[in-house]
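# A look at the structure
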Amino acid sequence: MTLVLTTYDWVPEFPRGFVRDIRVRWLLEELGRPYQVETVPVREKSPDHIANQPFAQVPFIRDGDLTLFESGAILLHLAEGTDLMPEDLRPQVQQWLIAALNSVEPFIMAWAINKFFDKDEAGAARREPLLHQRLAQLQAALGNRDWLTGDSFTVADLLMADILRIPAQNGFLDDLHGLAAYTERATARPGFRKALADQMAHWRAADERQATA
Ligand SMILES: N[C@@H](CCC(=O)N[C@@H](CS)C(=O)NCC(=O)O)C(=O)O
């Protein structure tokens, strides 16, 4: 049965390319797993949406009989038993994936909410030193390795690199060359390029649907 990935039916310009279904698309591309996309309305949160994602967010998936929300849980589920979660590195991959979600992304989101949602420049500026410190700590932990757990790209790198795209695009990695190179290395992968192109095509199709409605 084809896996179904659910995202929004439309979003405004600024989050395009960053809506978290991109992580799932990227992993599915890496794995060569076909999938189809379904949508939920971004404006009206239906009981059916909330039954699948209790916080009325996206993404969520249906994989056979299993419905899953939380991008991290989805990635862990899909990567299980694949080269992106090598058996001998499983604990370390899980550790770094959770670190991405729990120790890195919150600092980025706190800054991004101030900056882009609240348009609170002073609030965003107050968050910058802590965010920068967290990113510098991450770079130090990465050291000279290509990937977080060693020589091979794993699902933890996929998620970490996706999360690092916001700081990369906003100048936070300009003096963190190792982390910048890491993010570029990951996002140069064909799987990410395809996932990004597909997400952007999804929003363009949504615009066209709205224009003809
Ligand atoms: N922890 C959740 C966060 C999901 C999330 O924040 N989704 C965003 C889109 S990227 C969303 O649906 N935002 C709308 C909202 O929170 O109402 C995950 O990783 O899946």
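Residues numbered from 1 in each chain as written. Predicted model: local features only at pLDDT ≥ 70, side-chain atom pairs only at ≥ 80, totals over all residues. Heavy atoms only, no water.

## Quick look at the domain arrangement of the protein
Size of an interface, as often reported, equals the accessible area lost when the parts are brought together. Segmenting the protein into domains produces domain 1 (3–82 + 191–212) and domain 2 (87–189). Its C-alpha centre places domain 1 at a distance of 21 Å from the equivalent point of domain 2. Across the contact, 19 residues belong to domain 1 and 22 residues belong to domain 2. Of the roughly 1700 Å² buried between domain 1 and domain 2 on both sides combined, carbon and sulfur atoms contribute 64%. Taken as a group, Phe-18, Arg-23 and Trp-26 account for 34% of the area that domain 1 buries against domain 2, more than any other trio of residues on that side. For the interface between domain 1 and domain 2, the tally reads 5 salt bridges. Here Arg-20 makes a salt bridge to Glu-105, at a shortest N to O gap of 3.2 Å. For the pair domain 1 and domain 2, the interface holds 10 residue pairs in polar contact (both at pLDDT 80 or more). When residues of the side of domain 1 that touches domain 2 are traced back to their parent elements, those giving at least two are helix H1 (21–31), helix H3 (71–79) and helix H8 (190–212). Class assignment of the residues belonging to the side of domain 1 that touches domain 2 gives a composition of 10 nonpolar, 4 polar and 5 charged. (Domains from an automatic or database assignment. Contact = heavy atoms within 4.5 Å. Buried area = accessible area lost by both parts, 1.4 Å probe. Salt bridge = Lys/Arg side-chain N within 4 Å of Asp/Glu carboxyl O. Polar contact = N/O pair within 3.5 Å; in protein donor to acceptor, adjacent residues only side chain to side chain. Helix = DSSP H or I, 4+ residues; strand = E, 2+ residues; numbered from the N terminus. Nonpolar A, V, L, I, M, F, W, Y, C, P; charged D, E, K, R; others polar.)

## Brief notes about the UniProt feature "domain: GST C-terminal" (unreviewed entry) in the protein
Per the UniProt annotation, the sites labelled "domain: GST C-terminal" (unreviewed entry) are residues 86–213. Helix makes up 77% of residues 86–213 and strand 0%, whereas the separation of the span's terminal C-alpha atoms amounts to 47 Å. (UniProt positions renumbered as here; feature names shortened; annotations may be inferred.)

## Side note on the pattern of salt bridges
Counting across every chain of the model gives 13 salt bridges. In this structure, the salt-bridge partner of Asp-63 is Arg-33, at a minimum N-O distance of 2.9 Å. A residue pair is termed long-range when its members are at least 10 positions apart, and Asp-63 in strand E3 (residues 60–63) and Arg-33 in the loop between H1 and strand E2 (35–40) qualify at 30 residues. Overall, the relative accessible area of 29% leaves Arg-33 in the partly exposed class. Note that Glu-38 and Arg-62 form a salt bridge whose closest N and O atoms lie 3.6 Å from each other. A residue pair is termed long-range when its members are at least 10 positions apart, and Glu-38 in strand E2 and Arg-62 in strand E3 qualify at 24 residues. Note on Arg-62: relative accessible area 38%, which makes it partly exposed. Taken together, the shared-partner salt bridges connect Arg-20, Arg-23, Glu-105, Asp-162 and Arg-165 into one network. (Buried < 20%, exposed > 50% of the residue type's maximum accessible area, 1.4 Å probe, protein only.)

## What about unusual backbone geometry?
Look at the link from Val-58 to Pro-59: it is a cis peptide, with omega at 10°. One can find Pro-59 in the loop between helix H2 (47–52) and E3. One non-glycine residue, Ala-56, lies in positive phi territory at about 60°. Along the chain, Ala-56 turns up in the loop between H2 and E3. On the accessibility criterion, Ala-56 (12% relative accessible area) is buried. The phi angle at Glu-70 is positive, at roughly 75°, despite the residue not being glycine. Summarising the element assignment, Glu-70 is placed in the loop between strand E4 (66–69) and H3. The class of Glu-70 is partly exposed, set by a relative accessible area of 39%.

## Notes on the packing of aromatic side chains
Going through the model one piece at a time under the given rule, you end up with 8 aromatic pairs. With 4.9 Å between their ring centres and 85° between their planes, Trp-111 and Phe-172 make a pair best called edge-to-face. In this pair, Trp-111 is assigned in helix H4 (residues 90–117) and Phe-172 in the loop between helix H6 (155–169) and helix H7 (177–187), connecting sequence segments 61 residues apart. Three or more aromatic residues link up through ring pairs in this structure, and these residues are Trp-26, Trp-147, Phe-153, Tyr-182 and Phe-192. Just above the ring of Phe-18 sits the side chain of Arg-165; from NZ or CZ to the centre is 4.3 Å. Over the ring of Trp-147 we find Arg-185; its NZ or CZ atom is 5.4 Å from the centre of that ring. (Phe/Tyr/Trp six-rings, centres within 6.5 Å; stacked < 30°, edge-to-face > 60°. Lys NZ or Arg CZ within 6 Å of the ring centre and 35° of its normal.)

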